[in-house]
Amino acid sequence: MTLTQTHSYKELNERSVLSYLEDKRLLTDKEKASCKEVGDGNLNYVFIVKDEVTGKTIVAKQALPYAKVVGESWPLSLERARIEASSLKHAAKTVPDLVPEVYGSDEDYALTVMEDLSDFTILRKGLIEGETYPHLADHVGRFLAQTLFSASDEALGPVEKKKLAKQFINPDLCDITEKLVFSDPYYNADTNSFPEELREDVEALWQNSGLKFEVAKLKKKFLTEGETLLHGDLHTGSIFVTNEETKVIDPEFAFFGPAGFDAGAFLANLFLNYLAQNERQTDEQKKQASRQYLLKTAVKTWEVFEKQYRDLLKKKGIDEQSRTDEYADYLLDKIRTDAIGFAGCKVIRRIIGLAHVEDVDGIENEEGRLRVQRKALELGQELILKRNTFTSISELVTWIGGDQS
Ligand SMILES: Nc1ncnc2c1ncn2[C@@H]1O[C@H](COP(=O)(O)OP(=O)(O)O)[C@@H](O)[C@H]1O
Ligand SMILES: CSC[C@H]1O[C@H](OP(=O)(O)O)[C@H](O)[C@@H]1O
C-alpha cells in the first residue's frame, strides 16, 4: 500500500509517529498506543508501535536526511527509504518467508511500515552469545539464490532488467560503500577509526601496493558491474533469526551491482565472529563448537546458494546460452571469486574503517581484542590476494580453519 502523500518531510518522534499512523489508519487510537524508538543502526529511526486496542505491534522505520552515526555534516538522500521498501517488496515475490511484510510506505516521510520482528534476535547478537541456528545456511543460501537470480539478465532479459535497474539507482548509499569499504581503509582517511596499537599493522597494509591494486579492481567491479539487484549490506546485523525462521532486513543499500557482493558480506561477518570467538569463549568445547558451526554455515550457505542458482539458471534461464552447464560453471566461479575478494574488503573495513562490529569491539580484554583485530587484518588481506586460488568455499574454509586459529 502506498500511504497518501500530502505532506513534506518531518522528522518523527515517539509521539508524532502515533499521530501519523492513526491518520493513516494503521493505528486504532493514538491515546491507546505506545511507542519506543529502538534504532541501533547507523542511519535511521526505528519505532516499535503497540496498538493497545488490537494488541498488535508494527514497526515504522524512518530515514533521516543525514547519517545518524556521523551527524548533519554527512547529508544523505531520503530516497533510500523508497529503495528499501521497494527492495523488500521485490524480495517478497520470490522469498516472502525471508523478509518482513511491508504494510505501507510513504516517500515524502521516507517511512516504511512493516511487520514487527521483535520476537526474533539479530543474528550478530545471537552469534556473539555463541548461539547456533539450524536453518540459517539453508535460508540465507536460498535468499541469495532467489534474489540474485530473479533480477539478473538471465532471468529477466536485458530490457526488463534495465527497466528494473532504473528504480534502484542509489548514488548516496553506493558512495558510502565506495568510500567506507573500498577507499578509506587503504589510506590515512579522516573517517578511519582504529586503536593506536594497530598503527604499525595498518601502515604496513597502506604500504602494500599489490593489495591496493587488487582492492582497486574489486572497487571497479562494485562501481561498474550491474549484474543484479543486491541487498547491498548483508551483514549479520541485517538478519533476524529464531530457531525456525530467518528474516533479512535493512536493504537500503540495494542497487544493481556484482552478484558476489552480498555473499561476500555475509561470509565476512561469519569469519569476523569466528575470529572473535577465540577470545570471547573461555570454555574450550563451546569455543570449538561455535567456531565449527560458523565455518560449516559458510560452506553450507554457499552450497545451497550454488545448487539453487544452477537449478534456476537451467529451469528459468531466458535463453539457451544461459542454460548450459559451461555457462553455469563460468558464472558461479566468477561469483565465488568476487565474493571472496569482497569478503576480504568487508573484514578490513570493520577493523580500520568508520563502522566497526560488536563481535570484535565488544571483546573486553584489550590484548585479546588486538589479537583478533590483527588476525582479521591478515585474513582480510589473504582473502583479497588469494581469491583466485580457491576452487570452492569448502576449500577456503578448510584453509581458514587450519591457518587462522
Ligand atoms: N521489523 C523490525 N522489527 C523489530 N525490530 C526491528 C525491525 N527492523 C529493525 N528493527 C530494530 O532496529 C534496529 C536497526 O534497524 P536497521 O533496519 O538495521 O536500521 P539501520 O538502517 O539504521 O541500520 C535493528 O537492529 C533492530 O533492533
Ligand atoms: C555511515 S554508515 C556506516 C555503515 O552503516 C551501515 O550499516 P547499518 O545501516 O546496518 O548500520 C553500512 O554498513 C555503512 O557502511
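Each chain carries its own residue numbering, running from 1 in the direction its sequence is written. Chain letters and ligand numbers both follow the written order, the letters beginning at A and the numbers at 1. Only residues with pLDDT of 70 or above have their local features reported here, since the model is predicted, and side-chain atom pairs are shown and tallied only from 80 upward, although totals for entire chains, interfaces and linings are computed over all residues.

Named according to an unreviewed UniProt entry, the protein chain is Methylthioribose kinase originating from Jeotgalibacillus proteolyticus. Taken from UniProt, the Function (unreviewed entry) comment for the protein chain reads in full: "Catalyzes the phosphorylation of methylthioribose into methylthioribose-1-phosphate." Taken from UniProt, the Catalytic activity (unreviewed entry) comment for the protein chain reads in full: "5-(methylsulfanyl)-D-ribose + ATP = 5-(methylsulfanyl)-alpha-D-ribose 1-phosphate + ADP + H(+)". UniProt positions are given in the numbering used here, feature names are shortened, and annotations may be inferred rather than shown by experiment.

*Asks:* Give me the lowdown on the pairing of strand 6 (residues 102-106), citing residues and values where you can.
*Replies:* Side chains on a regular strand alternate between the two faces of the sheet. As paired elements, strand 6 and strand 7 (residues 111-115) share four bridges and run antiparallel to each other. Directly across from Gly-104, in strand 7, lies its bridge partner Val-113. Note on pairing: two strands pair once DSSP finds at least 2 bridges between them. Each helix is a run of H or I in the DSSP string that is no shorter than four residues. Each strand is a run of E no shorter than two, and both are numbered from the N terminus. Once strand 6 ends, the chain turns through four residues before running back antiparallel as strand 7, passing Ala-110 with a positive phi of about 50 degrees.

*Asks:* Give a detailed account of the site of ligand 1, specifying residues and quantitative values.
*Replies:* Any residue whose C-beta atom, as placed from the backbone, lies within 6 Å of a molecule or strand is termed near it. Taken together, the neighbourhood of ligand 1 is formed by 22 residues, with Gly-41, Asn-44, Val-46, Leu-117 and Asp-250 sitting nearest. Taken together, the elements giving at least two residues each to the shell around ligand 1 come down to strand 2 (44-51), strand 3 (57-63) and strand 7. Each residue belonging to the shell around ligand 1 can be placed in one class, and the counts come to nine nonpolar, seven polar and six charged. Each domain's extent was defined by an automatic or database domain assignment. Viewed by domain, the shell around ligand 1 spans two of them, domain 1 (23-115) and domain 2 (121-403), each represented by three or more residues. Each residue receives one of three labels: charged for Asp, Glu, Lys and Arg, nonpolar for Ala, Val, Leu, Ile, Met, Phe, Trp, Tyr, Cys and Pro, and polar for the others, Gly being one of them.

*Asks:* Give me the sheet that holds strand 10 (residues 239-241): which residues, what numbers.
*Replies:* Strand order in the open sheet formed by three strands is 8-10-11, and the pairing between neighbours is antiparallel. A single partner strand is all that each edge strand has here, and the edge strands are strand 8 (121-122) and strand 11 (246-248). Of the strand pairs in this sheet, strand 10 and strand 11 are connected by three bridges, and their pairing is antiparallel. Bridge pairing in strand 11 places Val-241 opposite Thr-246.

*Asks:* Can you explain the sheet that holds strand 7? Please cite residues and give values.
*Replies:* The five strands lie next to each other as 1-2-3-7-6, forming an open sheet whose pairing is antiparallel. Each end of this open sheet is capped by a strand with a single partner; those strands are strand 1 (33-37) and strand 6. Here the average twist between neighbouring strands, direction ignored, is 20 degrees. Here contacts are defined at the residue level, using C-beta atoms placed from the backbone and a cut-off of 7 Å between them. Fitted lines through C-alpha atoms serve as axes, helices being fitted only where they are in contact, and the angles separating the N-to-C directions of these axes extend from 0 to 180 degrees. Set on the sheet, helix 1 (residues 16-23) makes contact with strand 1, strand 2 and strand 3; between it and strand 2 the angle comes to about 65 degrees. Strand contacts of helix 2 (residues 79-94): strand 3, strand 6 and strand 7, with the helix running at about 155 degrees to strand 6, the strand carrying the most contacts.

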